[in-house]
Amino acid sequence: GDSVTQMEGPVTLSEEAFLTINCTYTATGYPSLFWYVQYPGEGLQLLLKATKADDKGSNKGFEATYRKETTSFHLEKGSVQVSDSAVYFCALRRGQGGSEKLVFGKGTKLTVNP
Amino acid sequence: DAGVIQSPRHEVTEMGQEVTLRCKPISGHNSLFWYRQTMMRGLELLIYFNNNVPIDDSGMPEDRFSAKMPNASFSTLKIQPSEPRDSAVYFCASSPEYSGNTIYFGEGSWLTVV
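First things first, this report covers the structure right here in the doc. In this convention, every chain numbers its residues from 1, walking through the sequence in written order. Going through the entries in the order they are written, you letter the chains from A and number the ligands from 1. It should be noted that, the model being predicted, local features are given only for residues of pLDDT at least 70 and side-chain atom pairs only at 80 or more, the latter also being counted only at that level, while totals for whole chains, interfaces and linings use all residues. Side-chain measures here rest on the full set of heavy atoms in the structure, leaving out hydrogens and waters.

### Describing the pattern of salt bridges
Residues and elements named next belong to chain B.
Item 1. A carboxyl oxygen of Asp or Glu within 4 Å of a side-chain nitrogen of Lys or Arg is what we treat as a salt bridge. Under the criterion given, the structure shown has 12 salt bridges over all chains.
Item 2. Across the salt bridge formed by Arg-41 and Glu-44, the nearest N and O atoms sit 2.7 Å from each other.
Item 3. Asp-86 is the salt-bridge partner of Arg-64, the closest N and O atoms lying 2.6 Å from each other. Here the residue Arg-64 occupies a position in the loop between strand E6 (53–56) and strand E7 (65–71), and Asp-86 occupies one in the loop between strand E8 (74–79) and strand E9 (88–95), the gap between them amounting to 22 residues. Each member of the pair, Arg-64 as well as Asp-86, carries the same accessibility label: buried. Numbering of helices and strands starts at the N terminus; helices are DSSP runs of H or I of at least 4 residues and strands are runs of E of at least 2. In this scheme, a residue with accessible area under 20% of its type's maximum is buried, one over 50% is exposed, and one in between is partly exposed, where area comes from a 1.4 Å probe on protein chains only.

Take a look at the structure:
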């Protein structure tokens, strides 16, 4: 079945450091890929998405590129801020007769220190 | 625009009591999802509906859990009787049907069963 694998956390960085959170997936067909973010005590918010191969999603300085050849969707940010401290979830969603639900990775907790 | 609205936001109840969680999806969305989040198991899909019809309830843990969607603007998740292991955050989410569309989450119902 469909699955998403994220790098295990927690990840602790200093402010202005470079961030990479790895995400790989297993799915049939051509899923859409998402990154969601969950701040402490809050629900999940969409951070960015990509719906086809080679698409790049971007938002708030975060980027991720849909790489079909490596089945990956790694999240990157060039300079993190304390306010980026949160849990990040990679997810996929299939449609067109397949599953329409979101399949999540286990989440990666990021802490950014001043 | 109003997002996905869940109630109650927080509930503390005694073991054996009935718990009803409520959700109002975003208007015009035809898919609705119930997820559960715990530290041990992460995010789990419990059930999802498409056009008010349950499509996949394989994630519903046992007969104590039931979900309904009587119309396009309302859904309930009921636990009867509740147990301490049901303590979790329950998220409702909605989206248009196409797989590339974002699934929007509510802020969650934080349930504690003592």
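### Focus: the interface of chain B and chain A
Accessible area lost when the parts come together is the quantity often used to give the size of an interface.
Item 1. Note on definitions: a residue-residue contact is assigned when non-hydrogen atoms from the two residues lie within 4.5 Å. Listed as interface residues are 24 residues of chain B and, on the opposing side, 20 residues of chain A.
Item 2. Along the contact surface separating chain B from chain A lie zero salt bridges.
Item 3. Polar contacts, as used here, are pairs of N or O atoms within 3.5 Å; protein pairs need one atom able to donate a hydrogen and one able to accept it. Residues neighboring in sequence count only if both atoms are side-chain atoms. Inspection of the chain B/chain A interface yields six residue pairs in polar contact (both at pLDDT 80 or more).
Item 4. Only strand E4 (31–38), strand E5 (42–50) and E9 of chain B provide two or more residues apiece to the side of chain B that touches chain A.
Item 5. Residue polarity is assigned by list, with Asp, Glu, Lys and Arg as charged and Ala, Val, Leu, Ile, Met, Phe, Trp, Tyr, Cys and Pro as nonpolar; anything else, Gly included, falls into the polar class. The residue inventory of the side of chain B that touches chain A, partitioned by class, reads 11 nonpolar, nine polar and four charged.

### Focus: the environment of Thr111(A)
All names here are of chain A.
Item 1. Following the sequence through the fold, Thr-111 ends up in strand E12 (residues 108–113).
Item 2. According to the relative accessible area criterion, Thr-111 is partly exposed, its value standing at 27%.
Item 3. C-alpha of Thr-111 to C-alpha of Gln-81: the two residues are 30 residues apart in sequence and 9.5 Å apart in space.
Item 4. Not counting residues up to four positions away in its chain, the partners in contact with Thr-111 are Val-11, Thr-12, Leu-13 and Ser-85.

### Some remarks on the pairing of E5(B)
Residues and elements named next belong to chain B.
Item 1. With nine of nine residues buried, E5 lies mostly within the body of the structure.
Item 2. We treat two strands as partners when DSSP finds at least two bridges between them. Summarising the sheet, E4 and E5 pair through eight bridges and their orientation is antiparallel. Note on E5: the bridge partner recorded for Trp-34 is Ile-47.
Item 3. Here E4 hands over to E5 after three residues, the two strands then running antiparallel side by side.
Item 4. In this structure, E5 lies alongside E6, joined through three bridges in antiparallel fashion. Paired with Phe-49 across the two strands is Pro-54, which belongs to E6.
Item 5. Taking the residues between adjacent antiparallel strands as the criterion, E5 and E6 are bridged by two residues, where Asn-51 takes a positive phi near 50°.

### Quick notes on unusual backbone geometry
Item 1. The residue after Gly9(A), namely Pro10(A), is reached through a cis peptide bond having omega -5°.
Item 2. Within the element layout of this structure, Pro10(A) appears in the loop between strand E1 (3–6) and strand E2 (11–14).
Item 3. Cis geometry is found at the peptide bond from Ser7(B) to Pro8(B), where omega equals -10°.
Item 4. As for its position among the elements, Pro8(B) is in the loop between strand E1 (5–7) and strand E2 (10–13).
Item 5. With a phi close to 80°, Glu16(A) is a non-glycine residue in the positive phi region.
Item 6. When you line up the elements, Glu16(A) lands in the loop between E2 and strand E3 (19–21).
Item 7. Of the residues examined, Glu16(A) reaches a relative accessible area of 61% and is grouped as exposed.

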